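Chain by chain, the residues run as shown.
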Amino acid sequence: MTSVQRGAGPVAIVTGASSGIGRALALHLGANGYRVGLVARRRAELEAAANEIMQAGGSACVADADVGDRTALLAAVAAVESELGPTDVMVANAGFGATTRLNPLNTADVETTMRVNLMGVIYSLEAVLPGMLLRERGQLLAVSSLAAFKGLPGESAYCASKAAVNAYMEGLRIALRKRIVVTTVCPGFVKTAMGPMDTITPFMLTAEAAAARIARLIERRRGGVVCFPRRMAFLMGLVSRLPDGVVARLVPHDTGTLPVKATE
Ligand SMILES: NC(=O)c1ccc[n+]([C@@H]2O[C@H](COP(=O)([O-])OP(=O)(O)OC[C@H]3O[C@@H](n4cnc5c(N)ncnc54)[C@H](OP(=O)(O)O)[C@@H]3O)[C@@H](O)[C@H]2O)c1
């Protein structure tokens, strides 16, 4: 564990803080008075981000874990809390995406997607919710996606995992209303390692811009479902109403057709 403690700002844990949106959010929060716990699997990247926070005068510590491994994740959060104190804000951001293949169905990838994207969020909340309920305060955020609102060809597993996150968070939000702030964050395209490479990416944000929006939600204690950027959310609303044939033409995907063997 790497840490430096200065000041007594609120404690925020960000999962998936080794790259992309999570890394940018950890840096943003660290620069704005939060003591930040960074969690993901790649320790060297976590430590590099934590060092950046500390060099800028902030407080940070790291704990490596696979968010889909309940025992490891609970231990990582406990280690961060023993270093920084009780968690005020949990951002369950870590995520995984794999193209859905049809012939054969790549069910191992589907299992990983569900384990990381859904169970990883739930374990992250499990780790901090009892303490938040005792203190009667706290903020729980899950980074979902606009993909939660439409089952897209080639992205069935990813969309299903994010739709499940949205439904889970909605139930939690209603059950915890007036006690804990529960926020489901649904970004559109964001330029990261996971982000789209060779498809059409309207209104794409940088990781820093996405992180700044999430940080604003935390600062304002804004609960509910928050979709951004607004123009992409509108576009997704339109796409979700399109006939299947149009969506199939718009979104490149595996059709399950076996590759044709070359003949001599
Ligand atoms: N990029 C987009 O266009 C976009 C759009 C909407 C929503 N999102 C969501 O935003 C979140 C962050 O993604 P990103 O775009 O920033 O991608 P990214 O740069 O690939 O970052 C993903 C992060 O998740 C961590 N992670 C992945 N699997 C993990 C596991 N099993 N255990 C622990 N950590 C794990 C990775 O760290 P390690 O590899 O070190 O474990 C990394 O820090 C995801 O939930 C994603 O679904 C992304």
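Criteria and cut-off values
- Residues numbered from 1 in each chain as written.
- Predicted model: local features only at pLDDT ≥ 70, side-chain atom pairs only at ≥ 80, totals over all residues.
- Heavy atoms only, no water.
- Buried < 20%, exposed > 50% of the residue type's maximum accessible area, 1.4 Å probe, protein only.
- Helix = DSSP H or I, 4+ residues; strand = E, 2+ residues; numbered from the N terminus.
- Pairing = 2+ DSSP bridges.
- Right-handed = clockwise from strand over helix to strand, strands pointing away.
- Near = heavy atom within 4 Å.
- Polar contact = N/O pair within 3.5 Å; in protein donor to acceptor, adjacent residues only side chain to side chain.
- Areas by Shrake-Rupley, 256 points an atom, 1.4 Å probe, with all protein chains shown as cover.
- Nonpolar A, V, L, I, M, F, W, Y, C, P; charged D, E, K, R; others polar.
- Salt bridge = Lys/Arg side-chain N within 4 Å of Asp/Glu carboxyl O.
- Lys, Arg positive; Asp, Glu negative; His and termini not counted.
- Core = buried A, V, L, I, M, F, W, Y, C linked by side-chain atoms within 4.5 Å.
- Contact = heavy atoms within 4.5 Å.

Visitor: I'd like to hear about the pairing of strand β3 (residues 35-40), residue by residue, with values.
Guide: Counted residue by residue, β3 has six buried out of six residues, so it is predominantly covered. A two-sided burial pattern is seen for β3, the buried positions comprising Arg35, Gly37 and Val39 on one face and Val36, Leu38 and Ala40 on the other. Pairing between strand β2 (residues 11-15) and β3: five bridges, direction parallel. Bridge pairing links isoleucine 13 to glycine 37 in β3. As a crossover connection, the stretch from β2 through helix α1 (residues 20-31) into β3 is right-handed. One ladder, built from six bridges, connects β3 with strand β4 (residues 59-64); its direction is parallel. What sits directly across from alanine 40, in β4, is aspartate 64. Crossover connection from β3 via helix α2 (residues 43-55) to parallel β4: handedness right-handed.

Visitor: Please set out the site of the ligand residue by residue, giving values where relevant.
Guide: Near the ligand there are 30 residues, and of these Ser18, Arg41, Asn93, Tyr158 and Thr192 occur at the shortest range. The side chain of serine 18 places a nitrogen or oxygen atom 2.7 Å from an oxygen atom of the ligand. Taking methionine 194, its main chain carries an N or O atom lying 3.4 Å from an oxygen atom of the ligand. For the ligand, whose free accessible area comes to 870 Å², the fraction covered by protein is 94%. Of all the secondary structure elements, the ones that give two or more residues to the shell around the ligand are α1 and α5 (156-175). Among the residues making up the shell around the ligand, the classes are represented as 15 nonpolar, 11 polar and four charged.

Visitor: Go over unusual backbone geometry, please, and point to the residues and values.
Guide: With an omega of 5 degrees, the peptide bond between asparagine 103 and proline 104 qualifies as cis. Tracing the chain through its elements places proline 104 in the loop between β5 (89-92) and α4 (107-135). In this chain, phenylalanine 228 is followed by proline 229 through a cis amide linkage whose omega measures -10 degrees. As for its position among the elements, proline 229 is in the loop between β10 (224-228) and α7 (230-239). Positive phi outside glycine occurs at lysine 178, with the angle close to 70 degrees. Mapped onto the elements, lysine 178 comes out in the loop between α5 and β7 (181-187). Note on lysine 178: relative accessible area 85%, which makes it exposed. The phi angle at phenylalanine 203 is positive, at roughly 55 degrees, despite the residue not being glycine. If you trace the backbone, phenylalanine 203 turns up in the loop between β8 (190-191) and β9 (205-206).

Visitor: Can you break down the pattern of salt bridges residue by residue, with the values?
Guide: One pass over the full model with this rule turns up seven salt bridges. Ionic pairing is found between glutamate 47 and arginine 43, a salt bridge with its closest N-O pair at 3.1 Å. Of this pair, glutamate 47 and arginine 43 both sit in helix α2, separated by four residues, roughly a single helical turn.

Visitor: Tell me what's going on with the side chain of aspartate 88, and back it up with residues and numbers.
Guide: Looking at the secondary structure, you find aspartate 88 in the loop between α3 (70-84) and β5. Summary of buried charges: aspartate 88 has no salt-bridge partner, and the nearest side chain of opposite charge, arginine 137, is 4.3 Å away. From its side chain, aspartate 88 meets the backbone nitrogen of valine 11 in a polar contact 2.7 Å long.

Visitor: Hey, could you go over the nonpolar core for me, with residue numbers and the actual values?
Guide: Counting 35 residues, the largest nonpolar core has Leu25, Leu29, Val36, Leu38, Val91, Ile214 and Ile218 as the members making the most contacts within it. When near neighbours in sequence (up to four residues on either side) are disregarded, valine 91 contacts Ile13, Val14, Thr15, Leu25, Leu141, Val143 and Ile218. The next biggest cluster of nonpolar side chains, apart from the first, holds 32 residues, and it includes Ile13, Val116, Leu118 and Ile122.

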